[in-house]
Amino acid sequence: LADNLNGIMPNSRSAVAKAVHIDEEVLTKILPIHPMAALLLKNISTAFASNQRSMFNFIKNESEDLHAFQWYIENHSPNEYQILTIDYLWDFFYEKGTDEHGTNVGRSNLDNIIATILDTYTLNEKSLSEEQKTVLKTILMMQAISQKFGDSLELLQPSAKNLNLAFEGTNYDNNYGYNIAKNQLVKKGI
C-alpha cells in the first residue's frame with residue numbers, strides 16, 4: 001500500500017522535501033505519517049519546557065491515554081488510507097494525560113506562546129462538529145509552531161495553501177478543510 005498512500009500526497013511531500021532540503025524518497029518511508037505532520041513533529045518538541053514530549057517519545061510512547069504513534073498504529077489501518085495528520089498530534093502534545101511512568105504531563109509543559117494559541121481550542125470545543133475540531137486543531141498546531149519560530153517555517157504558517165497541503169490525501173483534501181475553516185470557523189468568529 002505504500003505506493004498508493006504516497007501517491008495521494010505528492011504535493012505535500014514535494015513541498016516538505018524542498019523546505020527541509022531532503023530528497024522526496026526519504027519522505028516516502030515515513031508512512032503512515034503525513035509529510036506535513038512529520039514537519040510539524042520535527043519542530044514541536046522545542047515548544048515544551050521539558051523533554052517529556054519529544055519526537056522520540058511520540059514514536060515510542062505506548063500509553064493509551066496519550067494517543068501517540070503506537071496508539072495510532074494499533075487503531076488505524078493503511079488499508080483504509082488512514083494517514084497520521086497534524087490533528088492526530090494534538091492529543092499527545094496538548095491534551096493532559098499520563099506517560100508510561102504514570103506521571104501527569106500535558107499543556108502545563110508548553111511554552112507560554114504555544115499554550116496561549118492552543119488554548120483557543122478549549123474555549124470553542126463544545127460548539128464544534130468533529131470536522132470543525134479536526135480543522136481547528138490543525139490550524140492551531142500550525143499557527144503555534146509557526147509563531148514560535150517567528151514565521152520562519154513558511155509551510156507551517158496557517159494559510160489556505162498550507163492547510164490544503166496538510167490535508168492532502170485525506171477526506172479533507174481538495175479545499176474541504178480550508179472551506180470548513182473559511183465558511184464555518186470564521187463565521188463562528190473563531
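Residues numbered from 1 in each chain as written. Predicted model: local features only at pLDDT ≥ 70, side-chain atom pairs only at ≥ 80, totals over all residues. Heavy atoms only, no water.

Caption draft 1: Representation of the overall build of the protein in the model. Each helix and strand in the protein was counted, giving 11 helices and two strands. When the helices and strands of the protein are read in sequence order from the N terminus, they spell out α-α-α-α-α-α-α-β-β-α-α-α-α. Residue burial in the protein is summarised as follows: out of 190 residues, 47% are buried. Long-range contacts, defined here as pairs at least 24 residues apart, represent 62% of the contacts in the protein between residues at least 6 apart. When the accessible surface of the protein is totalled, it reaches about 9600 Å², and 47% of it is carbon and sulfur. (Helix = DSSP H or I, 4+ residues; strand = E, 2+ residues; numbered from the N terminus. Buried < 20%, exposed > 50% of the residue type's maximum accessible area, 1.4 Å probe, protein only. Contact = heavy atoms within 4.5 Å. Areas by Shrake-Rupley, 256 points an atom, 1.4 Å probe, with all protein chains shown as cover.)

Caption draft 2: Spotlight on the pattern of salt bridges. The full count for this structure, using the stated rule, is three salt bridges. With a shortest N-O distance of 3.5 Å, R13 and E24 are connected by a salt bridge. Separated by 11 residues along the polypeptide, R13 in helix α2 (residues 10-20) and E24 in helix α3 (residues 24-27) bring together distant segments of the chain. Looking at E24, the relative accessible area reads 33%, which means it is partly exposed. (Salt bridge = Lys/Arg side-chain N within 4 Å of Asp/Glu carboxyl O.)

Caption draft 3: A look at the packing of aromatic side chains. For the structure on display, the rule yields four aromatic pairs. Relative to Y172, the ring of F167 lies with its centre 5.1 Å away and its plane at 35°, an arrangement referred to as tilted. Considering the side-chain rings of Y172 and Y176, the 5.8 Å spacing of their centres and the 50° angle between planes classify their relative orientation as tilted. For Y176, a relative accessible area of 35% corresponds to the partly exposed category. (Phe/Tyr/Trp six-rings, centres within 6.5 Å; stacked < 30°, edge-to-face > 60°.)

Caption draft 4: Just helix α4 (residues 35-44), in detail. Within α4, nine of the 10 residues are buried, which leaves the element mostly enclosed by the surrounding structure. If you check which residues of α4 are buried, you get P35, M36, A37, A38, L39, L40, L41, N43 and I44.

Caption draft 5: Examining the nonpolar core more closely. In terms of nonpolar packing, the biggest core is built from 49 residues, with F58, L89, L118, V135 and M141 touching the most fellow members. Ranked by the residues each element gives to this core, the list is headed by helix α9 (residues 130-148), at eight residues. When near neighbours in sequence (up to four residues on either side) are disregarded, V135 contacts L163, F167, Y172, G177, I180, A181 and L185. (Core = buried A, V, L, I, M, F, W, Y, C linked by side-chain atoms within 4.5 Å.)

Caption draft 6: Up close: unusual backbone geometry. Here the bond from L31 into P32 is cis, since omega is 10°, no more than 30 degrees from zero. Mapped onto the fold, P32 is located in the loop between α3 and α4. Positive phi values are uncommon outside glycine, yet D151 reaches one of about 60°. Along the polypeptide, D151 turns up in the loop between α9 and α10 (160-166). On the basis of relative accessible area, D151 is assigned to the partly exposed category, the value being 44%.

Caption draft 7: The packing of α9 against helix α11 (residues 176-185), seen in detail. At a minimum axis distance of 9 Å, the contact between α9 and α11 shows a crossing angle of 100°. By the angle between their directions, the pair α9 and α11 is classed as roughly perpendicular. Between α9, through E131, Q132, V135, L136 and I139, and α11, the contact on the second element is made entirely by Y176, G177, I180, A181, Q184 and L185. Residues of the contact of α9 with α11, tallied by class, amount to seven nonpolar, three polar and one charged. (Axes fitted to C-alpha atoms, helices over the stretch in contact; angles between N-to-C directions. Parallel < 35°, antiparallel > 145°, perpendicular 65-115°, else oblique. Nonpolar A, V, L, I, M, F, W, Y, C, P; charged D, E, K, R; others polar.)

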